[in-house]
Structures are given as C-alpha cells and as structure tokens.
There are 2 protein chains.
Amino acid sequence: MGQRRDEVLQAAIELLDEVGIEGLTMRVLAARIGVRASALYRHYPSKQALLDAMVVHLATPGADPQAPADAPWDEQLRQTANGLREVMLAHRDGARLMSTFHTPGPEAAAGFHNLVAALRTAGTTPDAAVTAVDTVLAYVNGHTLEEQTRKTDARTWPRDRRDLAFNNGLELILTGIRATLP
Amino acid sequence: MGQRRDEVLQAAIELLDEVGIEGLTMRVLAARIGVRASALYRHYPSKQALLDAMVVHLATPGADPQAPADAPWDEQLRQTANGLREVMLAHRDGARLMSTFHTPGPEAAAGFHNLVAALRTAGTTPDAAVTAVDTVLAYVNGHTLEEQTRKTDARTWPRDRRDLAFNNGLELILTGIRATLP
DNA sequence: ACCTGAACACCGTTCAAGT
DNA sequence: ACCTGAACACCGTTCAAGT
C-alpha cells in the first residue's frame, strides 16, 4: 500500500531537479504521471504536505555516511554538517526546499539529541551543548541557502573552492565550541 | 519624482506586516492604494523588483545603531549581527523576505568590506577575515530564518530568552574567530 | 505621466460523479 | 480505491486605449 504515494513523491523530486521549486506545480506534477491535479489530493492533503514529505525523504539518512555514536563530538558535527549541505546541493533549490519545511519530525529531533549527547560526554553543560548544535545547524542552513540562491561571486566558484569556504567557517565554530570545553 | 514609487513601497511593507509574504500580491497591494494591479508596473518592472526594493529599504541603516569604524572588530560584528536580526524580526516574514533577495547591491558590499577591514586591523589574513564575516552573516540568516518560520519549541519562547539563545551562538563564533587571531 | 480594461496563461483546492 | 470534469477563487504580467 502507498506505492502510488511514493511514485508521486519520486516524480516530485525529479520534477524539482528539472524545473526548480518555482516550476514544481501540482498540475505539472500530475501531468508527469498521467493524471489530473485533483487526483494528487488522494495521496497528499496539500502541496505543503507533499513538500514536507520531500524534505523528510531527502533528509532521511538512508545509507549516508553517518559518524558512529562513539566518535568524537567534532567529528560527528562535521559529518552532520557536511551531510546536510550535501543533501541540499544534490538537488536544484534543495536549500530553499528545506527552508519551506515547517514541522520537524521526531527523526530530526533524534539526530539533534544525538549530537547534544556527544557534546555532553565531552563535558559541556546541557545548555552549552544545545547552543553549540543550534549554532552549527543555523550556519549550515544559512551558508548553503546563500551558496545556492544568492547571485554572488562565490556562486561561480568551483565546487572544491566552495567546499573549502564552507569548511573554514565550520572549523571556526568548532574552535569556538572547543574553547568552552573544560 | 518617484514619490508614487515610494508610496507603493511603503504600502507594500505595511501589507507585508498585516498579511505576510504569502498574502502580499500585486492585486491586493494595488487595491490598497486605490489602483489596478497593472498600474504598479509603471513603478516596478516586476514583483521581484519590488521585493528587492523592500529588502534594500529595510536593510538600509537609516538611523540604526551602527558601531563606529574604529570600534573593536567583535563589537562591530555584534552590532551588525544584532541589527540584521532586529530588522528581520521587526517585520512579519522579514527573514523570508530577505532570503528572496537575489542581487546584493553595492551598499551591502560596502558594509561587508568594513567588517573585513576591522578584522584585518586586528591582524587576520584577508582570507580569514572574509571567512569570519561570512560565517557570522550565514549564522544570523540561518538562525533568524529558523526562529521566525520553523514551528519549533523555541518559537514560543519570550523575546529575551530568544535574544539570549541568539547571542550565545554569536559569542561562540566570536570566540572561534578570536582563537585564530595572532 | 499615470491609469484602466481586458485578456493571457497560469495557480491550489474542492467536490460530485464516475469505474 | 483511485480518478475525472468542472468549477471556485485566485495569481503575475502585457498591452492597447484612455486622460
């Protein structure tokens, strides 16, 4: 059951990659799978629900390189940050799509908690751990959204140059976190 | 000349505050100033041009608390970061509006360059200064976008609690920058 | 210079009706 | 269970025509 639902989701992601988030409309998506727009509402109650499902699908680890839970906190933050950015850059308007996500589910909260736990074992207070993780995630989202949407010089840089810029900023934050450690 | 153009801009900002970015349409905006939608295109070539003008207008310092150019680099970064967040939070969907901004103008580049210069006098390399400023701005945009749009626990926190969370993250980054200083 | 009227080519969503 | 047809209430934008 629900395989048609997945077919809609799959087609939506393909359409996103071809035309961007602006061109992703219920009517065009429906046409792509040989159906009328109204039929999509049997599978998703609204366009926003479909967009949310796309975010969850893309952000779900799958076989992503995830650092083991006993890895050092900075390695875990690096992996999460790079993985998140990777997912966004892998799809046209990926960052903008993520930014439309309204209600983070339990799996997002779980990933968040794992990172906080890793920092806590390094000796931070609970509050400091939350601040650290929040800061890294806000940086990743802000940086990648700008990298992918803004018409700035950096947009024309080659990928490895942009990776370097991103990681330099990330290391800056990790250094800041390290300084608050006992 | 152009005072009608400013009237449109003013009305657009008022409408944004009342109905949000979703409800900000050319037709409703036109009705508000007693005109048809098509008349707006005498003043702005497109809706995107109007949105860009709104961002420039809101982000233009005006009489904002701006740190003097000879203030220490961290004080300047704090002022810029808080000022930017303040502007976003002062308007409904302010952060989302800013994120639609496609082509940063020369005034944005000038503000950026001032911050880089402040860091350079503190002894950083040019590259490190750019990274530091980029990182702070990405954090502010990412954090505020999340603060204003995401349906998370933090959204219901009182303002002073949210200010604290924001500033804690900011100080984390400033500490990281400080560690790279000679 | 500034605005209207009318049109063009679209949107998301609902709902009775069909199979 | 899943889809169609038709409609509702909208969009941004263009362009000839009016004053």
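What counts and what doesn't
Residues numbered from 1 in each chain as written. Chains lettered and ligands numbered in written order. Predicted model: local features only at pLDDT ≥ 70, side-chain atom pairs only at ≥ 80, totals over all residues. Heavy atoms only, no water. Least-squares fit on C-alpha atoms with pLDDT ≥ 70 in both. Contact = heavy atoms within 4.5 Å. Core = buried A, V, L, I, M, F, W, Y, C linked by side-chain atoms within 4.5 Å. Buried < 20%, exposed > 50% of the residue type's maximum accessible area, 1.4 Å probe, protein only. Phe/Tyr/Trp six-rings, centres within 6.5 Å; stacked < 30°, edge-to-face > 60°. Helix = DSSP H or I, 4+ residues; strand = E, 2+ residues; numbered from the N terminus. Lys NZ or Arg CZ within 6 Å of the ring centre and 35° of its normal. Buried area = accessible area lost by both parts, 1.4 Å probe. Salt bridge = Lys/Arg side-chain N within 4 Å of Asp/Glu carboxyl O. Nonpolar A, V, L, I, M, F, W, Y, C, P; charged D, E, K, R; others polar.

Engineer: For the relation of the copies chain B and chain A, give the residues involved together with the corresponding values.
Structural biologist: Copy one and copy two of the chain differ by a rotation about a common axis and a shift along it. Once chain B has been moved 0.0 Å along the axis and rotated by 180 degrees, it coincides with chain A to within an RMSD of 0.0 Å. Look at the turn and shift together and you get a two-fold axis relating the two. Most of the interface of chain B is mirrored in chain A, where 100% of its interface residues again form contacts.

Engineer: Just give me the short version of the nonpolar core, but keep the residues and values in it.
Structural biologist: In this structure, L50(A), M54(A), L50(B) and M54(B) are the most contacted members of the largest nonpolar core, which totals 57 residues. Counting residues in hydrophobic clusters, the runner-up holds 42 residues, among them A129(A), L170(A), I177(A) and A129(B).

Engineer: Go over the packing of aromatic side chains, please, and point to the residues and values.
Structural biologist: Under the counting rule described, the total for this entry stands at two aromatic pairs over all chains. For the ring pair Y139(B) and F166(B), a centre distance of 5.6 Å and an interplane angle of 15 degrees mean the geometry is stacked. Remark: F166(B) occurs in helix α8 (residues 159-179) and Y139(B) occurs in helix α7 (residues 126-149); sequence separation between them is 27 residues. For the pair Y139(B) and F166(B), a shared accessibility class is recorded, and that class is buried. Positioned above the aromatic ring of W157(A), the side-chain terminus of R161(A) is 4.0 Å from the ring centre.

Engineer: Let's hear about the interface of chain B and chain A: which residues, and what values?
Structural biologist: Chain B puts 26 residues into the contact, and the matching count from chain A is 26 residues. Approximately 2200 Å² of surface area, both sides summed, lies buried where chain B meets chain A, with 65% of it carried by carbon and sulfur atoms. The tally of links between chain B and chain A comes to zero salt bridges. Counting residues per element, the ones that place at least two in the side of chain B that touches chain A are α5 (94-99), α7 and α8 of chain B. With 10 residues, α7(B) is the single largest residue contributor to the side of chain B that touches chain A. Of the residues assigned to the side of chain B that touches chain A, the class counts are 11 nonpolar, 12 polar and three charged.

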